[in-house]
Every structure is written in C-alpha cells, then in structure tokens.
Amino acid sequence: MATDRISNLPDDVLGKILSLVPTKLAASTAVLSKRWLNLLPLVDSLDFDELMLLYSDRKDGEEEPTSIESRRQSRRRRRPRFSDFVDKTLDLLSNSTIKKFSLRCNYENDISRVNSWIRTALGRGCVELNLKSNLRNFIDSEFFTSNTLVKLTITDKFCLKGRLPLGGVFFPALKTLTLVSVYFLSHEMEKHFVRGCPALEELFIYVWMGYLSTPYVKRLTITSDFADHYEYSGLTLKTKSLLYLDYSSYVATYDVVALDSLVEARLDLRLYGLDADGRPVFKEIRGDISTLINGMKNIKSLHLSAHSLQVFHFCCDSMPVLNNLLTLSIESDEEKGWEVIPRLLCNSPNLQTLVIKGLVHRVTEWCGNACPCIIQNEMVCCLSSCQVKVLEITGFRGSLGELHQMRHFLGNLECLETVKVGVEESTFNSKYLRAILMAIPRVSSKCSIQFI
C-alpha cells in the first residue's frame, strides 16, 4: 500500500524524493523499476561519497580495517566499483540538469577521471558544488569554470593547478565560497582564484593564505586551527565592500588593510609567545595590529575574545579613535588581564552598549581604572566620561570580585539607563543575589536593572 501511494505521486514530487535519498540507492532503484527510470531526468542533486560505499559493502558484523595497509587494500578494492558507479550514474542522467553536486573521494592516481566528473557537473548547470578529499587531488583550473555556480565548497586535499581559465574568471555568478585547508600550487593562483569570482559576497577561509584582495565580498570569515607550526608573516587584507568580519588567527603584522565599509567585526586574535600557564613571555611577543585596527576605524560593532584583549594591549602601538563604535562586546577570562579596557573605552567616545561575557579577569599592576582592583586616588576613572547607556553582563556568578565590579560600574557610568544581568543557573541562592544587585547604589538616576 505504501509503495502504491508513493508511485501515484506527481512526477516532479517523485523526482525530489529521488534526489533526497542516497545516490547509490537512487540509482539502484532506477535500474530495478521502469517507473523510477523514467523519473531520473528529474533528479537534480547528486551526493557521491566513497566512504559510504565502503560501509555499504561491509558485511554485517564486519569491522573497519585498522592497519594502514589494510585500509589501502580496502580502498583499492572499492575504487573501481565507486568509479564505475559514478560514471554509470552520470550516464543515466546524461540529459538532466545537476543543481547540486557533492563528491568525496580519496583518489591519487586517477585524477583525470575526477576532473571529468567535476566538468560534467559544471557543464550541466550546477548551482552548488562540494568537493572533499583526504588524499591530494589536483583540479585542472583551466576548465574549472561555470556561469551558473552560486555556492562552492572545497575541503582538505583538493588543490588547483594549471593555467587560469579564459579571461581569468572562474565563476562569474558565485556568491558563496568556502575554502577549508585548500592548497594552491602557486601564489599567483592563490591570488587570482578569489579575484576570478567577481560576484562573490560571502567568503569562508579555514587556515588563511595571507593575502586577500576582493572588492565585492560583504561577509568574511577567517579561522585558524592555532596549530603549533604557525609561521609568522606579514598579511594583506583589502576588502573595501566588507560589512562583516569574523577573524580568528595568531597575531601578525598587517601590511595593508582596507576595510572602509566594515560595520561589525568579531576578533579572536592570539599571542604566539606564551608560557606553559598561558601568560605572555615579553621577549617572544611579536606582531602589530595597529594597521588592522586603523583599517576598521569606521566600525559600529566590535566583539573581542579574552585573547584579543591581550593582543590589543601588547600589540597595538597606535589605536585610532573609534568615533562610530556603538557596541563593544568582550569576553573575560580569569587568566587574562583587562589592561586595554580603559584605552578602548576612552577611544570610543560614542559607545552606547557595553556587553561583557563573564565578569572576571586577572589582576595585574596595569589593570586599569575600568575596574576597582587597583585604583589610585589621583586617577580619574575612565568610566565617568563614557556615554554607555546599556550594560549587559552574562555568566554572573555572584563572587565578591564580581560584586565589587558591579558597584564600580553602577557608581561611575553616569549615562547608564539599562543594566541586563544574566545570572548562571548553577549560582547558589540566585534570588538573594538579585536582591543584593538591586540594592547597589547607582550614579545614574535613570538606571534600571533587568535579569535575563
């Protein structure tokens, strides 16, 4: 009965169902049933995974090979079957459009076949392409081009080699590009690949190449694995249309930075010279983010990790005045100091919202007067001149140090209108803690406290 109900569905619905099931099962179903065979031209999404073939061929109870040689033999045994299956499926779909094509394989010696599959998908109007390989696969860059591709993801060991396509443009319609640990054989290809996507709006890079110049990207994510083999070098970042930046990396020297349109940035920058306890070793500290910060001086919203606070303190010789900054969000850590907070607040004259995730930090002799840890009588508190109207604290646990900090904020932020406090659920007697917070004197008569 269930089979009859499915068979009676409209052809376009059945085509979508066929696209959603695993490719191997879909192709097998098509061979066995004339009804499904006639629907194959409606399949527009293909997902080929060599690893799935290994699992599907394994007998019940059979375990995965453990030794390296056993795995190699297993790959060699299944490779012809996988290749034949992909070829057969593409032949069966020779007259259909492929909107989404995903390929995960571990080929080293049959690269021409892999390139043929990729060209076939691109030649049939592919809109989304996903490529992943655990072994090195060279993509023939001269033919790696499409006028229809909108989203591209390349992961791990796929890399580009050869000449640029005609006109130097790879994908004129591409909007979203993700590069995860992708290897380029030459610096020229590394530079030209992103340039060859003139309509690109969103770019995700895992382990950055060090040079990026594109006039159209609006959202950019650069992330790092913070590996021990980090190589210190100069970096260039020129993206004049960029609106959003999420940047995670070891600190470096930034040769050129052009982020004129940047609205929001999330920075997780880390020092490379730390001791076993995670504290800076001064003679090992390198890098300067002055150019980076100056390049984003028009920013409106800035989010800094606890590591970034260290970098701003030790590696920023010249911090510009951030006149447009309205929201500053920082993460705290018991092992990271707040030395740079007074400088940040003083250089943000129009700041409206201050968000602090975790009201803890390491006390140092340079702690600054944004906190009550070390205050000299002759020092004017930097909070007194702040225009902050909204203060948001999350992860509040009610320690004595946190309560002192709250008294310091409420007693010095004269323009404060709203304080939002998120008390950790595990905090003992949170009702009593809330009563204490409500009783803290406030220098601003407009200030109200909310619990979130």
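Identification of the chain as F-box domain-containing protein from Eutrema salsugineum is taken from an unreviewed UniProt entry.

Caption draft 1: Geometry of the overall build of the chain. Summing up its helical and strand segments, the chain has 13 helices and 19 strands in all. The proportion of buried residues among the 452 residues of the chain is 46%. If you sum the accessible surface of the chain, you get close to 22300 Å²; carbon and sulfur atoms cover 50% of it.

Caption draft 2: Highlighting the environment of Leu-177. By secondary structure assignment, the location of Leu-177 is in strand 5 (residues 176-180). What makes Leu-177 buried here is its relative accessible area of 0%. Note: C-alpha distance between Leu-177 and Leu-200 (23 residues apart in sequence) is 7.4 Å. If we ignore the near neighbours within four places in the chain, the residues touching Leu-177 are Leu-152, Phe-193, Val-194, Leu-200, Glu-202, Leu-203 and Phe-204.

Caption draft 3: How the structure looks around the nonpolar core. Among the nonpolar cores identified, the biggest contains 112 residues, and Phe-101, Phe-144 and Phe-193 are the most heavily contacted of them. The dominant element in this core, judged by the number of residues it contributes, is helix 7 (residues 111-123), at 5 residues.

Caption draft 4: Fine view of unusual backbone geometry. One non-glycine residue, Asp-156, adopts positive backbone phi at about 65°. Inspection of the secondary structure assignment puts Asp-156 in strand 4 (residues 151-161). For Ser-181, which is not a glycine, the phi torsion comes out positive at approximately 55°. With relative accessibility at 33%, the residue Ser-181 sits in the partly exposed group.

Caption draft 5: Examining the pairing of strand 16 (residues 353-357) more closely. Taking burial as the measure, the 5 residues of strand 16 include 4 buried ones, the bulk of the element. Where strand 15 (residues 327-331) meets strand 16, 5 bridges bridge the pair, whose relative direction is parallel. In the strand pairing of strand 16, Glu-331 is matched with Lys-357. Following the chain from strand 15 across helix 11 (residues 341-346) to the adjacent parallel strand 16, one finds a crossover that is right-handed.

Caption draft 6: Spatial organisation of helix 8 (residues 187-195). For helix 8, every residue scored as buried is listed here: Met-189, Glu-190, Phe-193 and Val-194. The buried side chains of helix 8 occupy one side of the element, clustering within an arc of 120° when seen end-on. Those residues of helix 8 hidden inside the fold are in contact with strand 4, strand 5, strand 6 (183-184), strand 7 (202-206) and strand 8 (211-213).

Caption draft 7: Region of interest: the confidence of the model for the chain. Averaged over every residue, the pLDDT of the chain is 82; residues scoring 70 or more account for 77%. Of the regions scoring below 50 in pLDDT, residues 22-32 engages in 19 contacts with residues more than four places distant in sequence or in other chains.

Caption draft 8: Representation of the side chain of Asn-412 in the model. Checked against the element boundaries, Asn-412 lands in helix 12 (residues 400-412). Overall, the relative accessible area of 17% leaves Asn-412 in the buried class. Within the structure, Asn-412 has its side chain in polar contact with the backbone oxygen of His-408 (distance 2.8 Å). Not counting the four nearest positions on each side in its chain, Asn-412 is found in contact with Cys-381, Leu-383, Ser-384 and Val-443.

Caption draft 9: Broad picture of the pattern of salt bridges. A complete count under the given rule lists 9 salt bridges for this structure. Of the charged contacts, one joins Arg-113 and Asp-84 as a salt bridge, the two residues approaching to 3.1 Å between their closest N and O atoms. One end of the pair, Arg-113, is in helix 7; the other, Asp-84, is in helix 6 (residues 68-92), with 29 residues separating them in the sequence. What makes Asp-84 partly exposed here is its relative accessible area of 45%. Across the salt bridge formed by Arg-270 and Asp-268, the nearest N and O atoms sit 3.2 Å from each other. In this structure, a network of salt bridges that share partners links the residues Asp-84, Asp-87 and Arg-113.

Caption draft 10: Expanded view of the packing of aromatic side chains. Going through the model one piece at a time under the given rule, you end up with 8 aromatic pairs. With 5.8 Å between their ring centres and 75° between their planes, Phe-48 and Phe-85 make a pair best called edge-to-face. Within this pair, whereas Phe-48 is found in strand 1 (residues 45-49), its partner Phe-85 is found in helix 6, the two being separated by 37 residues in sequence. With relative accessibility at 1%, the residue Phe-48 sits in the buried group. An aromatic cluster of three or more residues is present, and its members are Phe-144, Phe-170, Phe-171, Phe-184 and Phe-193. Across the ring face of Phe-138, the terminal group of Lys-161 is positioned such that the distance to the ring centre comes to 5.2 Å. Taking the ring centre of Tyr-244 as reference, the NZ or CZ of Arg-219 above it sits at 4.1 Å.

Caption draft 11: Broad picture of a positive patch on the surface. Residues Lys-191, Arg-195, Lys-238 and Lys-240 make up a contiguous surface patch of positive charge. Along the chain, Lys-191 turns up in helix 8. Judged by relative accessible area, which is 31%, Lys-191 ranks as partly exposed.

What counts, and where the lines are drawn
Residues numbered from 1 in each chain as written. Predicted model: local features only at pLDDT ≥ 70, side-chain atom pairs only at ≥ 80, totals over all residues. Heavy atoms only, no water. Helix = DSSP H or I, 4+ residues; strand = E, 2+ residues; numbered from the N terminus. Buried < 20%, exposed > 50% of the residue type's maximum accessible area, 1.4 Å probe, protein only. Areas by Shrake-Rupley, 256 points an atom, 1.4 Å probe, with all protein chains shown as cover. Contact = heavy atoms within 4.5 Å. Core = buried A, V, L, I, M, F, W, Y, C linked by side-chain atoms within 4.5 Å. Pairing = 2+ DSSP bridges. Right-handed = clockwise from strand over helix to strand, strands pointing away. Arc of directions from axis to C-beta. pLDDT = per-residue confidence, 0-100. Polar contact = N/O pair within 3.5 Å; in protein donor to acceptor, adjacent residues only side chain to side chain. Salt bridge = Lys/Arg side-chain N within 4 Å of Asp/Glu carboxyl O. Phe/Tyr/Trp six-rings, centres within 6.5 Å; stacked < 30°, edge-to-face > 60°. Lys NZ or Arg CZ within 6 Å of the ring centre and 35° of its normal. Patch = residues over 30% accessible without salt bridge, like charges linked within 9 Å, V, L, I, M, F, W, Y side chains within 5 Å. Lys, Arg positive; Asp, Glu negative; His and termini not counted. Charge placed at Lys NZ, Arg CZ, Asp CG, Glu CD.

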